[in-house]
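# Structure assessment
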Amino acid sequence: MFASKLTFPLDLLTHPTRWLKTSLEGFWQGSSELARYLDFLLREVDPALSHTESVARVIDVIQETPQCRSFVLRPPKRWQQFKAGQYINVGLQVDGQWLHRNYSLSTSPQEFAASRLLRITVSAVTGGVVSNALLNTLQIGDTLPISPALGDFTLADENAEHALFIGAGSGITPLMSMLESRLQSHPDAALRLLYCVRNEAHLIFAERLRALRQRHPNFYCTIHFSDADGPLSAEHIEVALTTQTHTPAAQQPIYLCGPAGFMTHARAILEALGVPAQHIQQEHFATARVPYTEQSAQGAEARVFFGYSGKSIRSNGRQTLLELAELAGLRPKSGCRQGICHQCSCARGTGPLLNISTGQMIPADQQTVQACIALPLGDLHLPQA
């Protein structure tokens, strides 16, 4: 007779999913199929447990205006810091298809460092599939795949004592992050905001702006209600440029964000007032577009085979490898979707591929590709997908 004693880690008994996730750390850096399968199981239990995807959980929903909400998100611990003004790419499944859009962070980096919470602010858009779906369906406790922080619309000079911020509508989102960040680090900075909205019902962040004005006497905020005040004019911008500063217009940093037509209009006024183009920073979201040419038309008869999952899908000559994988019901890792961050890099597989950012064919012996800018031009086999 002999006695045996079986012991278990305490975490296995009290927090089994956390124990499993921690125990698998050694697998994630390799290409172990076991690790991939176990990560799949973890995602089925709770998407936020995934180690291969960056998934955030909705902690709170704030009604900013009747047509606008802020979603407070808790990203995974490995999610990195960001700069004021940057955005993240958010994924949402709509009618069985994964769609992605960019949303500016309306949180300051200091707030994130203290709370580890992010905030995106979403407004209803006519015909806006993802934005409207977020507003209509996203609730506390839901999860969203998110990218790392992206974009170069950030404060050009962290120590500038004077700066003018001009925004319209939901364009206030990145500007709010910039303003709060700058005033938290330099409370006496003479910052000015010219914010254009239709009327008071469309005023986003009213309470946050009021709090900034109360805490920072040098912060000058003008709300331009276009229904009552008319279109934004050169006079309105000139007043904002000269209030509470002796710095000439030509030497001031300007941050501009809003609808494309508004930014074009405001930029033309600024340049006419003597502000050099290089002193004007503005936000824009660029997405790689598939050019429809005789070359890309070859992909209309292509079929992509995802060997690991056993799925396949036919191409129409206009969708990237990343988009096709999502249409096939897969959840490939992605980030900027612009060919910049390399988050979507995957094994090349066998078959003709076009790099839509360069217009060049991807060499057959190249080992990996960026799925967001790779266009199939014929049958493509991806054994690892």
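In this numbering scheme, every chain counts its residues from 1 along its sequence in written order. Predicted model: local features are reported for residues with pLDDT of at least 70 only, side-chain atom pairs are reported and counted for 80 or more only, and whole-chain, interface and lining totals are derived from all residues. Excluding hydrogens and water, the side-chain values take into account all heavy atoms of the structure.

We now examine the overall build of the protein chain. Scanning the protein chain for helices and strands turns up 13 helices and 19 strands. The cut-offs for exposure are 20% and 50% of the maximum accessible area for each residue type, with area from a 1.4 Å probe on protein chains only; residues under the lower value are buried, those over the upper are exposed, and the others partly exposed. In the protein chain, which comprises 385 residues, the share counted as buried stands at 46%. Note on contacts: a residue pair qualifies if any of its non-hydrogen atoms lie within 4.5 Å across the two residues. The long-range share in the protein chain, meaning contacts at least 24 apart out of those at least 6 apart in sequence, stands at 66%. Each accessible area is a Shrake-Rupley result for a 1.4 Å probe, and residues are judged covered by the shown protein chains and nothing else. Here the protein chain has roughly 19,100 Å² of accessible surface; of this, 53% comes from carbon and sulfur atoms. Strands here are runs of E lasting at least two residues and helices are runs of H or I lasting at least four, both read from the DSSP assignment and numbered beginning at the N terminus.

Glancing now at the pattern of salt bridges. One side-chain nitrogen of Lys or Arg within 4 Å of one carboxyl oxygen of Asp or Glu is enough to make a salt bridge. Evaluation of the coordinates by the stated rule reveals four salt bridges. As a salt-bridge pair, R208 and E180 come within 2.7 Å of each other at their nearest N and O atoms. With a gap of 28 residues between them, R208 in helix α8 (residues 206–215) and E180 in helix α7 (residues 172–185) connect regions that are remote in the sequence. When sorted by exposure, R208 lands in the same class as E180, which is buried.

Being paired, for any two strands, means DSSP has found at least two bridges between them. Strand order across the open sheet formed by four strands is β5-β2-β1-β6, with antiparallel pairing between neighbours. On the outer flanks of this sheet lie β5 (118–123) and β6 (143–145), each paired with one strand and no other. Mean inter-strand twist for the sheet, computed between neighbouring axes without regard to direction, equals 40°. Where strand β1 (residues 55–65) and strand β2 (residues 68–74) come together, seven bridges link them in antiparallel fashion. By the bridge assignment for β2, D60 is matched with V72. Lines fitted to the C-alpha atoms define the axes, with helices restricted to the stretch that makes contact. Angles between their N-to-C directions range from 0 to 180 degrees.

Strand order in the open sheet made by the three strands is β13-β12-β19, with mixed pairing throughout. In the strand order of this sheet, the two ends are held by β13 (311–314) and β19 (380–382), each with one partner. Across the sheet, the mean angle from the axis of one strand to that of its neighbour is 15°, orientation sign disregarded. Of the strand pairs in this sheet, strand β12 (residues 303–306) and β19 are connected by three bridges, and their pairing is parallel. Note that in β19 the partner of V304 across the bridge is L380.

All right, on to the side chain of S181 then. Summarising the element assignment, S181 is placed in helix α7. The class of S181 is buried, set by a relative accessible area of 7%. Here S181 is in contact with A84, S108, P109 and Q110, once residues within four sequence places are set aside.

What follows is about α8. Within α8, the full set of buried residues consists of R208, L209 and L212. For α8, the arc enclosing every buried residue in end-on projection is 100°, short of the 170-degree limit, so these residues lie on one face. Across α8 from its buried face, at more than 90 degrees, point the exposed residues E207 and Q214. Elements that come into contact with the buried residues of α8 comprise β5, α7, β8 (190–197) and β9 (220–225). Arc definition: it is the arc formed by the directions from the helix axis to the C-beta atoms.

This part takes up the confidence of the model for the protein chain. Predicted coordinates in regions of low pLDDT should not be interpreted in detail. Values of pLDDT, the confidence the predictor places in each residue, fall between 0 and 100. Chain-level statistics for the protein chain give a pLDDT mean of 83 and a share of 81% at 70 or above. Considering only residues more than four positions removed or in separate chains, one finds that residues 1–8, a stretch of pLDDT under 50, has one contact.

This next bit is on the packing of helix α10 (residues 234–242) against helix α11 (residues 260–272). Packing of α10 against α11 brings their axes to within 10 Å, and their N-to-C directions diverge by 65°. Regarding α10 and α11, the two cross each other, and that crossing is right-handed. Contacts from A234, I237 and L241 in α10 reach A266, I269 and L270 in α11. Take the far helix as the reference: if the near one is turned anticlockwise from it by less than a right angle, the crossing is left-handed, and if turned clockwise, right-handed.

Contact geometry for α7 and α8: axes closest at 12 Å, N-to-C directions at 25°. Judged by the inter-axis angle, α7 sits roughly parallel to α8. Both α7 and α8 take part in a crossing whose hand is left-handed. On α8, the residues that touch M176, L179, E180 and L183 of α7 are R208, L209 and L212. Gly is put with the polar residues, along with every residue not named as nonpolar or charged; the nonpolar set is Ala, Val, Leu, Ile, Met, Phe, Trp, Tyr, Cys and Pro, and the charged set is Asp, Glu, Lys and Arg. Residues that form the contact of α7 with α8 fall into these classes: five nonpolar, no polar and two charged. Should an angle fall under 35 degrees it is called roughly parallel, over 145 degrees roughly antiparallel, and 65 to 115 degrees roughly perpendicular, with every other angle called oblique.

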